[in-house]
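The residues making up each chain are set out below.
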Amino acid sequence: MSSFITPISTDHLLSEAEKENLYQKLIEQINKDFNFANEPIDLPKSTSPIELKIQLHEKIYRLIQYKFAEYLSLLYIVDVPEDQVKKLDGSDIMELSEQVSFLILKREWMKVWFRNRMER
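What you see is a predicted model, and the numbers here were worked out from it, not measured in a lab.

Conventions and cut-offs
- Residues numbered from 1 in each chain as written.
- Predicted model: local features only at pLDDT ≥ 70, side-chain atom pairs only at ≥ 80, totals over all residues.
- Heavy atoms only, no water.
- Axes fitted to C-alpha atoms, helices over the stretch in contact; angles between N-to-C directions.
- Helix = DSSP H or I, 4+ residues; strand = E, 2+ residues; numbered from the N terminus.
- Parallel < 35°, antiparallel > 145°, perpendicular 65-115°, else oblique.
- Contact = heavy atoms within 4.5 Å.
- Nonpolar A, V, L, I, M, F, W, Y, C, P; charged D, E, K, R; others polar.
- Phe/Tyr/Trp six-rings, centres within 6.5 Å; stacked < 30°, edge-to-face > 60°.
- Buried < 20%, exposed > 50% of the residue type's maximum accessible area, 1.4 Å probe, protein only.
- Expected span 1.5 Å × (residues − 1).

Chemist: For this particular structure, what's the right way to read the packing of helix α3 (residues 49-66) against helix α4 (residues 68-78)?
Modeler: When two helices pack together, their arrangement is given by the angle between the helix axes and the distance between those axes. Orientation of α3 relative to α4, taken along the N-to-C sense of each, is 130°, at an axis distance of 6 Å. The angle between α3 and α4 falls in the class oblique. In this structure, α3 contributes Ile60, Leu63, Ile64 and Tyr66 to the contact, and α4 contributes Phe68, Glu70, Tyr71 and Leu74. Here the contact of α3 with α4 is composed, by residue class, of seven nonpolar, no polar and one charged.

Here's what the structure looks like:
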């Protein structure tokens, strides 16, 4: 059984998800958590990795910019470690939203990966 390897980039994470045939599950998990946070992102299962990256980044950017309380709630629901978010430089919202998108993807990927291992 392979062990969980923390992805180093969004592209690396998405290619791992595809390689493990868990990309669809990753999309489902993202949709589920965003809906639970009352901030639906509604990604179709046909969403390409590039589209996923762009849409997630745009969504996080808009939340930081216009709906900060909802943004914090989403981070809580997804279970992104607070210390990781606090380490980020918030001076450039575009850059911050990209980094937070990666933290969200990492956490969602971890959930999907471990759940898949438990089901085997």
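Chemist: It is not clear to me how the packing of aromatic side chains should be interpreted in this structure. Could you clarify?
Modeler: The relative placement of two aromatic rings is captured by the distance of their centres and the angle of their planes. For the structure shown, the criterion picks out four aromatic pairs. Their ring planes at 70° and their centres at 5.2 Å tell us that Phe4 and Trp113 sit as a pair that is edge-to-face. Separated by 109 residues along the polypeptide, Phe4 in the segment before α1 (10-19) and Trp113 in helix α6 (residues 93-119) bring together distant segments of the chain. On the accessibility criterion, Phe4 (18% relative accessible area) is buried. Both rings, one in Trp113 and one in Phe114, keep their centres 5.0 Å apart while their planes meet at 85°; by these two values the pair is edge-to-face.

Chemist: Any chance you could explain helix α2 (residues 23-36) here in plain terms?
Modeler: Each α-helix turn comprises 3.6 residues. Residues three or four places apart therefore point the same way. With 14 residues, α2 ought to run about 20 Å at 1.5 Å a step, and its terminal C-alpha atoms sit 20 Å apart, in line with that. When α2 is considered as a whole, its buried residues turn out to be Tyr23, Leu26, Ile27, Gln29, Ile30, Asn31, Asp33 and Phe34. On its buried side, α2 packs onto α1, α3, α4 and α6. Asn38 sits one or two residues past α2 and shows a positive phi near 60°.

Chemist: What's the story with unusual backbone geometry in this structure? I'm lost.
Modeler: Glycine aside, negative phi is the norm for most residues, and most peptide bonds take the trans geometry. Backbone geometry places Asp42, a non-glycine residue, at a positive phi of 45°. With respect to the element layout, Asp42 can be found in the loop between α2 and α3. The backbone of Asp79 shows a phi angle near 75°, a positive value even though the residue is not glycine. Residue placement: Asp79 occurs in the loop between α4 and α5 (82-86). According to the relative accessible area criterion, Asp79 is partly exposed, its value standing at 41%.

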